[in-house]
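# Observations on the three-dimensional arrangement
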Protein chains: 2
Amino acid sequence: MDKKTEQKKVFLDIVQQLRQLIKTEKIQAGEKLPSERVLSERLGVGRSSVREALRSLELLGLIETRHGGGTFLASTQKHQLVEILSMFILEDEKSKKDVELTRQIHEKEAIRVISCTETLRTLPVWDSFFVKLEIESTINCRDVLREIIITSGNRLSLKVWFQLAVYDGDRLNRNSTEEEKLIIQTMLKSMQLGYEKEALTAYEQWMKTVRSN
Amino acid sequence: MDKKTEQKKVFLDIVQQLRQLIKTEKIQAGEKLPSERVLSERLGVGRSSVREALRSLELLGLIETRHGGGTFLASTQKHQLVEILSMFILEDEKSKKDVELTRQIHEKEAIRVISCTETLRTLPVWDSFFVKLEIESTINCRDVLREIIITSGNRLSLKVWFQLAVYDGDRLNRNSTEEEKLIIQTMLKSMQLGYEKEALTAYEQWMKTVRSN
DNA sequence: TGTTTAAAAGTGGCCAGACCACTTTTTATC
DNA sequence: GATAAAAAGTGGTCTGGCCACTTTTAAACA
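First, a word on what this report is: a plain description of the structure on this page. (Residues numbered from 1 in each chain as written. Chains lettered and ligands numbered in written order. Predicted model: local features only at pLDDT ≥ 70, side-chain atom pairs only at ≥ 80, totals over all residues.)

### Side note on the packing of helix 5 (residues 96-116) of chain B against helix 9 (residues 155-167) of chain B
Residues and elements named next belong to chain B.
- Contact pair helix 5 / helix 9: the axes reach a minimum separation of 9 Å and the direction vectors enclose 145°. The handedness of the crossing between helix 5 and helix 9 is left-handed. Where helix 5 abuts helix 9, its residues Val99, Thr102, Arg103 and His106 lie against Ser157, Val160, Trp161, Leu164, Ala165 and Tyr167.
- Residues of the contact of helix 5 with helix 9, tallied by class, amount to 6 nonpolar, 3 polar and 1 charged. (Axes fitted to C-alpha atoms, helices over the stretch in contact; angles between N-to-C directions. Helix = DSSP H or I, 4+ residues; strand = E, 2+ residues; numbered from the N terminus. Left-handed = near helix turned anticlockwise from the far one by under 90°. Contact = placed C-beta atoms within 7 Å. Nonpolar A, V, L, I, M, F, W, Y, C, P; charged D, E, K, R; others polar.)

Take a look at the structure:
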């Protein structure tokens, strides 16, 4: 009948029950989960089975454990989707490309949304980037993209993007080159003015230079 | 020194070593891994630690275990990373609107990609939809969208989409109305001819009717 | 010899208990 | 009230056991 209790493997069942537990007890990110021994008793299973479930979630970055301290629900930013992906799956070029493309799907959509929304494209934050570029003459690429995604207002999209951005971390989390600086300025300016097409063209150009580096 | 051996937790270390093992011994998808007891001995750790690592990889769908049979390397198609993560990420996502928008981001991009790619937009599968629409006069909405995402060729995007589609499954997994039928036909036709803009316009129109239902 | 059947070995699933290292809480002392 | 020591709590790991299931091997049979 019940799919939950139909599970063959105890540890998979525990993963489900933990999810349920987090939901019903409204455990927030950073908060503590019951100890392994307590879970073992409450769920009526052996501690080793509880550990198998917890370790699985830990590998994903869904929970954090502190030796002697306890087990804690991790913040969304710490999920390790791409970390694990790259470890086992991203060996082939096709998968790497897919991650990059998927990330860019979200970035492009955010640019579209902002360009088309008066209240978003006229936000003072964009000007602050120009100021920063004038003063320091450079800017962190990842910061620009993140701000764009955040501003677009889709929190789920942001979460997905965060995960994917980890993979390209090295390529994105760095200061812009002289060449990029101009492109980024063009992109932001176009976006501010609501020129969607131009902003996207500049974006594509930017990503092209990123790839070539 | 070595990051691999610097690992604090044995089970994480084992995950790494398993990856190494698979690589060096060239274990292909579907092939058998050493037994838990053998791994335990070879790696010089307890069996419970080996199990914690194996169960972690099993949750991700990276390996498959058969009771009494052994542990096998899973095929690339079966990875469940996105599924598991979405289970936790989507759970605390308050806004259903975000889920819908994010799903549509992937759909729109797929339409763009197909429209711009000769080999994709001329695929016979699109004609088959027209045939089906003529014969049965209706079609499953979800099937159309799924085919579009699949055809776009981004496997990761497909996985993300699939998870998101589960959430408004009821609204999508149904037969098209008379009104929708025309819109879908327009959309597909535009796509086939490479008219990206028209295809997207039709798509937006379609989603509008979906929302109003 | 070839087939079928039964035993044995191999393997994952799960549990109980133990010990260690580390952290948090409590208690005793100053 | 502050500090230090003891106790309790908690994760980290290992050992060994038993069960259920699968695969292999050996035995019996035709």
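### Details of the packing of helix 1 (residues 10-24) of chain B against helix 3 (residues 47-59) of chain B
Residue and element names in this part refer to chain B.
- Orientation of helix 1 relative to helix 3, taken along the N-to-C sense of each, is 65°, at an axis distance of 8 Å. As for the relative orientation of helix 1 and helix 3, their crossing is right-handed in sense. Facing helix 1, whose interface residues are Val10, Phe11, Ile14, Val15 and Leu18, helix 3 presents Ser49, Val50, Glu52, Ala53, Ser56 and Leu57.
- Residue classes in the contact of helix 1 with helix 3 are distributed as 8 nonpolar, 2 polar and 1 charged.

### With respect to the sheet that holds strand 1 (residues 32-33) of chain B
All names here are of chain B.
- Strand order in the open sheet made by the 3 strands is 1-3-2, with antiparallel pairing throughout. Among the strands making up the open sheet, the edge pair consists of strand 1 and strand 2 (63-66).
- Relative to strand 3 (residues 70-73), strand 1 is paired through 2 bridges, and the arrangement is antiparallel. By the bridge assignment for strand 3, Leu33 is matched with Thr71. (Pairing = 2+ DSSP bridges.)

### Structural notes on the nonpolar core
- By size, the foremost hydrophobic cluster in this structure holds 95 residues, and its most contacted members are Met187 of chain A together with Met187 of chain B.
- It is helix 9 (residues 155-167) of chain A that contributes the most residues to this core, 9 residues altogether.
- Among all residues touching Met187 of chain A, those that are not within four sequence positions of it are Ala199, Ala202, Tyr203 and Trp206 of chain A. (Core = buried A, V, L, I, M, F, W, Y, C linked by C-beta atoms within 7 Å. Buried ≥ 20, exposed ≤ 12 C-beta atoms within 10 Å, placed from the backbone.)

### Looking at the interface of chain A and chain B
- Facing the 33 residues of chain A at the interface are 34 residues of chain B.
- Among the elements of the structure, helix 1 (10-24), helix 3 (47-59), helix 4 (81-88), helix 5 (93-116) and helix 9 of chain A are those that each provide at least two residues to the side of chain A that touches chain B.
- Top contributing element to the side of chain A that touches chain B by residue count: helix 5 of chain A, with 7 residues.
- Residues belonging to the side of chain A that touches chain B are distributed by class as follows: 16 nonpolar, 8 polar and 9 charged.

### Some details on the sheet that holds strand 2 (residues 63-66) of chain A
- The sheet built from 3 strands is open, its strands ordered 1-3-2 (chain A) with antiparallel pairing. Both edges of this open sheet fall to strand 1 (32-33) and strand 2 of chain A, since each of them pairs with a single strand only.

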